[in-house]
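Now for the letters of each chain:
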Amino acid sequence: MSRIFNFSAGPATLPQPVLEAVAAEMLDFDGLGMGIMEMSHRDKPFMQVAAEAEADLRALMNIPANYKVLFLQGGATAQFSFIPMNLLAGKASADYVVTGDWGKKAAKAAKSFCSVNLAATSEASKFTTIPDRAEWKLNPDAAYCHITPNETIHGVEFLDTPDVGNVPLVGDFSSTILSRPVDVSKYGLIYAGSQKNIGPAGLTIVIVRDDLIGTVVDGLPPIFNYAEQAANESMLNTPPTFAWYMAGKVFKCLLANGGLEAMAAVNQRKAAKLYAYLDGQDFYTNPVDKACRSWMNIPFTLANAELDADFLKGAKAAGLNGLKGHRAVGGMRASVYNAMPEAGVDALLDYMKQFVVQHG
Ligand SMILES: *Cc1c(COP(=O)(O)O)cnc(C)c1O
């Protein structure tokens, strides 16, 4: 077996020790003679796995006791609608700060439920920056203010949490959750699909302050209702048990490796290496404002786009996969989530330099 370095934006690379531990337990979990996938979600061993995953996530992120942690389905995309359905609580409007395509999609979905105030957008700069906080046009009566802390496609990340006053801040953390510490108490709600920085696809984590839930739009099915899910430990119906279990393994792995501060140090170093190289020559370019460059998704273009196909072909031959950029941006994108080892970034840099020697 030889593992490649997988730079895919998601589903994405997973920590090898986690994959090995899961493989070892695949046929026989904890001496029970069956795998976790084959077990009822109501059985005690799975309930234990589920509870530990929540406790470990709470420890990792230092989640205050007045926040619920939900393990849901439907991806971040379903949350684009569930958030207004659950958080409007009778209010007519919500604020959206749009710094990329995901935020734009979230705002569009919310329009079915409320009036959407586009408080700020960096679309005019092709989402290469974050509008100055001083220029945001926030509505003090908004039910919440939605941001996308890391725009996966454009590689734009909030490196600080913006202050939006008393209006609850909602963050789509799909591609940055667990990459560095975050002060959960500054948010009303944090959500993330699992398939980038947590585990396999199929699970969506929602962390929500408990006073914000319970008043929902008329006719909302209980399965979409955060308060109902919280009261039923996210088991109103069969949850994605395998993804939940694997997420739990990832949480334990992160805790054993020094938690989010340790992850932040490595992630910052990995990103800094790539940006330093990108800025130091002119064969490759990253267009993002230096103040908000993502630690997780690093897009870059070749000065001569006709070389893109050769670049990708050579990368694949060198064991570097998933580098093709999103069609909205073109060029390349290196996604360097927690599970991408520093050696993967070094191998990518070696390849990029060698490609310049051959084609520059
Ligand atoms: C990937 C991604 C999504 C979409 O996630 P799904 O799980 O496919 O719905 C939404 N927001 C961000 C920031 C993402 O990176």
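Residues numbered from 1 in each chain as written. Predicted model: local features only at pLDDT ≥ 70, side-chain atom pairs only at ≥ 80, totals over all residues. Heavy atoms only, no water.

A.B. asks: For the pattern of salt bridges, give the residues involved together with the corresponding values.
C.D. replies: In this structure the tally under the stated criterion is twelve salt bridges. Its salt-bridge partner being Lys252, residue Glu52 comes within 2.8 Å of it at the nearest N-O pair. Residue Glu52 is found in helix 2 (residues 44-61), and its partner Lys252 is found in helix 6 (residues 241-256); the two are separated by 200 residues along the sequence. A single network of salt bridges, built from pairs that share partners, joins Arg269, Lys273, Glu342 and Asp346. (Salt bridge = Lys/Arg side-chain N within 4 Å of Asp/Glu carboxyl O. Helix = DSSP H or I, 4+ residues; strand = E, 2+ residues; numbered from the N terminus.)

A.B. asks: Talk me through the packing of aromatic side chains; I want residue IDs and the actual numbers.
C.D. replies: Enumeration according to the criterion identifies 18 aromatic pairs in this entry. With a centroid separation of 6.4 Å and 85° between ring planes, the pair formed by Phe80 and Tyr191 is classed as edge-to-face. With Phe80 in helix 3 (residues 75-87) and Tyr191 in strand 9 (residues 189-193), this residue pair connects regions lying 111 residues apart in the sequence. For the residue pair Phe80 and Tyr191, the accessibility class agrees, reading buried in each case. Here Tyr96 and Tyr144 contribute two aromatic rings whose centre-to-centre distance is 5.9 Å and whose plane-to-plane angle is 75°, an arrangement assigned as edge-to-face. Taken together, the positions of Tyr96 in strand 3 (residues 93-98) and Tyr144 in the loop between strand 4 (115-121) and strand 5 (145-147) put the pair 48 residues apart, joining distant regions of the chain. (Phe/Tyr/Trp six-rings, centres within 6.5 Å; stacked < 30°, edge-to-face > 60°. Buried < 20%, exposed > 50% of the residue type's maximum accessible area, 1.4 Å probe, protein only.)

A.B. asks: Pulling in residues and values, what's your account of the domain arrangement of the protein?
C.D. replies: For the protein, the domain assignment lists domain 1 (16-256) and domain 2 (259-359). Between domain 1 and domain 2, the C-alpha centre-to-centre distance is 27 Å. Contacts between the two partners involve 24 residues from domain 1 and, on the opposite side, 24 residues from domain 2. For the pairing of domain 1 and domain 2, the buried interface totals around 2000 Å² over both sides, and the portion due to carbon and sulfur atoms is 59%. Across the domain 1-domain 2 interface, the total number found is zero salt bridges. (Domains from an automatic or database assignment. Contact = heavy atoms within 4.5 Å. Buried area = accessible area lost by both parts, 1.4 Å probe.)

A.B. asks: How would you summarise the site of the ligand if you had to cite specific residues and measurements?
C.D. replies: Close contacts around the ligand come from 13 residues, with Thr77, Thr152, Asp172, Gln195 and Lys196 the closest. Asp172 places a polar side-chain atom, nitrogen or oxygen, 2.6 Å from a nitrogen atom of the ligand. Residue Gln195 places a side-chain N or O atom 2.9 Å away from an oxygen atom belonging to the ligand. In terms of residue class, the shell around the ligand is built from three nonpolar, eight polar and two charged. (Near = heavy atom within 4 Å. Polar contact = N/O pair within 3.5 Å; in protein donor to acceptor, adjacent residues only side chain to side chain. Nonpolar A, V, L, I, M, F, W, Y, C, P; charged D, E, K, R; others polar.)

A.B. asks: Can you tell me about a nonpolar patch on the surface, naming the residues and giving the values?
C.D. replies: Taken together, the side chains of Met26, Leu27 and Met37 make up a nonpolar region of the molecular surface, amounting to roughly 330 Å² of accessible area. Among the secondary structure elements, Leu27 is positioned in the loop between helix 1 (16-25) and helix 2. (Patch = residues over 30% accessible without salt bridge, like charges linked within 9 Å, V, L, I, M, F, W, Y side chains within 5 Å. Areas by Shrake-Rupley, 256 points an atom, 1.4 Å probe, with all protein chains shown as cover.)

A.B. asks: Outline the pairing of strand 14 (residues 332-335), supporting the account with residue identities and numerical values.
C.D. replies: Burial along strand 14 is two-sided: the residues Met332 and Ala334 and Arg333 and Ser335 are all buried. Two elements, strand 12 (residues 297-302) and strand 14, share four bridges in a ladder whose sense is antiparallel. For Ile298, the partnering residue across the bridge sits in strand 14 and is Ala334. (Pairing = 2+ DSSP bridges.)

A.B. asks: Which residues make up a positive patch on the surface, and what are the values?
C.D. replies: A cluster of basic residues, Lys105, Lys108, Lys111 and Arg327, forms a positive patch on the protein surface. Classification of Lys105 as partly exposed rests on a relative accessible area of 46%. (Lys, Arg positive; Asp, Glu negative; His and termini not counted. Charge placed at Lys NZ, Arg CZ, Asp CG, Glu CD.)

A.B. asks: Go over helix 7 (residues 259-279), please, and point to the residues and values.
C.D. replies: Taking 1.5 Å as the rise per residue, helix 7 with 21 residues should run 30 Å; its terminal C-alpha atoms sit 30 Å apart, in good agreement. Buried within helix 7 we find Gly259, Leu260, Met263, Ala264, Asn267, Lys270, Ala271, Leu274, Tyr275, Tyr277 and Leu278. The inward-facing, buried residues of helix 7 abut helix 2, helix 6, strand 11 (284-285), strand 12 and helix 9 (342-359). (Expected span 1.5 Å × (residues − 1).)

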